[in-house]
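Structural description and commentary
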Amino acid sequence: MTVKNKCILLCVTGGIAAYKAAVLTSMLKKAGADVRVLMTASAKQFVGPSTFQGLSRQPVYDDLFTEHNPEQIAHIDLADHADLVIVAPATANIIGKMAGGIADDMVTTTILATKAPVFIAPAMNVNMYRHPSVTQNIERLKNIGYRMIEPGEGLLACGWVGQGRLAEPEDIFQAIVTYFDEPKGPLSGKNILVTAGPTREVIDPVRYFTNHSSGKMGYAIAKVLRDRGANVTLISGPTQLTPPDGINVVHIESTLEMYEEVMKRYSDVDAVVKSAAVADYRPKYTSQHKVKKKDGPMTIEMVRNPDILKELGEKKERQILIGFAAETKDVAEYAKKKLTSKNLDLIVANNVLEAGSGFQSDTNRVTFFYRNGKVESFDLLSKNIVAGHLADALISMLEVNSK
């Protein structure tokens, strides 16, 4: 059985369906899993901790300030050792807390601290499940990369009929088994940060400076890396694109905002693919009110934005760093200079004036310039295929780094 010896954290929250979590605990334990049960205070109103302790043969974690081993911080130790976290039943309350990043008990602190995959099995009244606040919270968690095990339909404990009944333990068990059976891909376990889209530099509440980037290339890269097994964070400027499922999407507006989001994550990633087209300059002053037109020309003083890619190159330790060079002439010359000056491992260069290679197109004609001097040129391809070639290159570079 594929769950044998896997450390599975079962987070039980306060719903009548908590009794089903006891059945799930038994099934996982019989299959050889190391099941650690975490309970909220409300969950204990429905099923006692002793039930889960007897079924799991492990202590139940229900108090953030009670340490079973004084040499360890329990919620951090659990988070670090988990192979998978399952929240079942997941009430509207816990879903809201998770979506808001709240950490006020054993369950929520552990979930925030773990890098393991998180599965959520909602259970609540049908009207609660369909409430806009709940649906928005669920969508936010999906964007982070959490997986939903959809509730069933039928007669609910409250007397209503509809969707909201916790999935059966057998179905939740099968979802867990299926996850461990899935091929994880060559980038499994790798944390990769991708930037995409344009930035906006505000002049006043009405106007801003921006560029023609659509974000299509960066979004395609994020999806391909996800499909190769990576844990992907996509930091995106304003686009018209739908955020991909299974990816942590962070929306920003300005270059300074992108700088902050990238830098605070840099030490935790294995690679950065910086395909966003950020503004090199921003207005020195931003007006709180609409700037009125006057006779004659207008002058707007600009100041330099941080050079995100250059600073990443200066701070680089083990990370693979990939940049983009969107040029209009002397493409190879400018790309090679950027490759060296910004300490990149690979730069993807293209001429945006060529037919089919502009920002808004679905295709691109690119050349890869590598740190070791290797050059790869490609014909006009869809951006999805270009993203596949970039993923292949990144996989090769990560393999070399690991040796």
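On a predicted model such as this, the values are computed, not experimentally measured, just so you know. (Residues numbered from 1 in each chain as written. Predicted model: local features only at pLDDT ≥ 70, side-chain atom pairs only at ≥ 80, totals over all residues. Heavy atoms only, no water.)

1. Quick look at the UniProt feature "active site" (unreviewed entry) in the chain
Under the present numbering, the feature "active site" (unreviewed entry) in UniProt falls on Cys 158. As for its placement among the helices and strands, Cys 158 is situated in the loop between strand S6 (152-155) and strand S7 (161-165). What makes Cys 158 partly exposed here is its relative accessible area of 45%. (UniProt positions renumbered as here; feature names shortened; annotations may be inferred. Helix = DSSP H or I, 4+ residues; strand = E, 2+ residues; numbered from the N terminus. Buried < 20%, exposed > 50% of the residue type's maximum accessible area, 1.4 Å probe, protein only.)

2. Quick word on the nonpolar core
Core analysis: the largest hydrophobic core is formed by 36 residues, its most contacted members being Ile 192, Ile 221, Leu 225, Val 273, Ile 322 and Phe 368. For this core, the secondary structure elements donating two or more residues are strand S8 (191-196), helix H9 (216-227), strand S11 (231-236), strand S13 (271-274), strand S16 (320-327), strand S17 (346-351), strand S19 (367-370) and helix H13 (383-402). Looking at which element gives the most residues to this core, the answer is H13, with nine residues. Apart from residues lying up to four places away in sequence, Ile 221 is in contact with Val 194, Val 273, Ser 275, Phe 324, Ala 387 and Leu 390. Judged by nonpolar contacts, the second largest core, of 34 residues, contains Ala 123, Ile 149, Leu 166 and Phe 173. (Core = buried A, V, L, I, M, F, W, Y, C linked by side-chain atoms within 4.5 Å. Contact = heavy atoms within 4.5 Å.)

3. Some details on the sheet that holds strand S1 (residues 7-12)
Note: strands within a sheet are paired through backbone hydrogen bonds, in either parallel or antiparallel orientation. Strand order in this open sheet of five strands is S2-S1-S3-S4-S5, and the pairing throughout is parallel. Either end of the sheet is taken by a strand with one partner, and the two such strands are strand S2 (34-39) and strand S5 (147-148). Note that S1 and S2 share six bridges and pair parallel. If you follow Ile 8 over to S2, its bridge partner there is Val 35. (Pairing = 2+ DSSP bridges.)

4. Quick look at helix H8 (residues 169-181)
Look at H8: 18 Å from first C-alpha to last across 13 residues, which is about the 18 Å you get at 1.5 Å a residue. By the burial criterion, the buried members of H8 are Pro 169, Ile 172, Phe 173, Ile 176, Val 177, Tyr 179 and Phe 180. For H8, the buried positions fall inside an angular range of 155° around the axis, keeping them on one side. Turning to H8, the residues buried within the fold contact S1, helix H1 (18-30), strand S3 (84-90), strand S4 (118-122) and S5. (Expected span 1.5 Å × (residues − 1). Arc of directions from axis to C-beta.)

5. Here's the deal with unusual backbone geometry
The residue after Ala 88, namely Pro 89, is reached through a cis peptide bond having omega -5°. Structurally, Pro 89 can be placed in strand S3. Phi at Arg 57 is positive, roughly 60°, even though this residue is not glycine. Turning to its location among the elements, Arg 57 is positioned in the loop between helix H2 (49-56) and helix H3 (74-81). Looking at Arg 57, the relative accessible area reads 63%, which means it is exposed. A positive phi angle, near 45°, is found at Asp 330, a position not held by glycine.

6. Concerning the packing of aromatic side chains
This model, assessed by the stated rule, comprises four aromatic pairs. On the basis of an interplanar angle of 80° and a centroid distance of 5.7 Å, the ring pair of Phe 119 and Tyr 179 is categorised as edge-to-face. Of the two residues, Phe 119 sits in strand S4 while Tyr 179 sits in helix H8, which places them 60 residues apart along the sequence. Of the residues examined, Phe 119 reaches a relative accessible area of 3% and is grouped as buried. Classification of Tyr 179 by relative accessible area gives buried; the value is 13%. Centroid distance Phe 368 to Phe 378: 4.9 Å. Interplanar angle 65°. Geometry classified as edge-to-face. Residue Phe 368 is found in strand S19, and its partner Phe 378 is found in the loop between strand S20 (375-377) and strand S21 (381-382); the two are separated by ten residues along the sequence. A residue is classified by how much of its surface remains accessible, and Phe 368, at 0% relative accessible area, is buried. Within the aromatic cluster, the residues linked to one another by ring pairs are Phe 119, Tyr 179 and Phe 180. Looking at Arg 304, its charged tip hangs above the ring of Tyr 281, at a distance of 5.4 Å from the centre. Against the face of Tyr 370 rests Lys 374, its NZ or CZ located 5.1 Å from the ring centre. (Phe/Tyr/Trp six-rings, centres within 6.5 Å; stacked < 30°, edge-to-face > 60°. Lys NZ or Arg CZ within 6 Å of the ring centre and 35° of its normal.)

7. What about the side chain of Gln 319?
Mapped onto the fold, Gln 319 is located in the loop between helix H11 (308-315) and S16. Residue classification places Gln 319 among the buried positions, given a relative accessible area of 5%. A polar contact of 3.0 Å, which involves the side chain of Gln 319, links it to the backbone oxygen of Tyr 266. Separated by 2.9 Å, the side chain of Gln 319 and the backbone nitrogen of Glu 317 make a polar contact. Those residues in contact with Gln 319 that lie beyond four places of it in its chain are Tyr 266, Ser 267, Val 269, Asp 270 and Asp 345. (Polar contact = N/O pair within 3.5 Å; in protein donor to acceptor, adjacent residues only side chain to side chain.)

8. Looking at the side chain of Asp 270
Tracing the backbone shows Asp 270 in the loop between helix H10 (255-263) and S13. In this structure the side chain of Asp 270 is engaged in a polar contact, spanning 3.2 Å, whose partner is the side chain of Arg 318. Asp 270 has contacts with Gly 189, Lys 190, Asn 191, Arg 318, Gln 319, Ile 320 and Leu 398, leaving out every residue within four places of it along the chain.

9. Digging into the pattern of salt bridges
Within the structure shown, the criterion is met by 20 salt bridges. Between Asp 362 and Lys 216 there is a salt bridge, with the nearest N and O atoms lying 3.0 Å from each other. Of this pair, Asp 362 sits in the loop between S17 and strand S18 (363-364) while Lys 216 sits in helix H9, placing them 146 residues apart in sequence. For Asp 362, a relative accessible area of 52% translates into the label exposed. The exposure class of Lys 216 is partly exposed, given its relative accessible area of 25%. Here Asp 307 ties to Lys 342 by a salt bridge, and the two come within 3.0 Å at their closest N and O atoms. Taken together, the residues span a long stretch of sequence, with Asp 307 in the loop between strand S15 (302-304) and H11 and Lys 342 in the loop between helix H12 (331-341) and S17 at a distance of 35 residues. A residue is classified by how much of its surface remains accessible, and Lys 342, at 16% relative accessible area, is buried. Put simply, Glu 261, Lys 264 and Arg 265 are held in one network by salt bridges that share partners. (Salt bridge = Lys/Arg side-chain N within 4 Å of Asp/Glu carboxyl O.)

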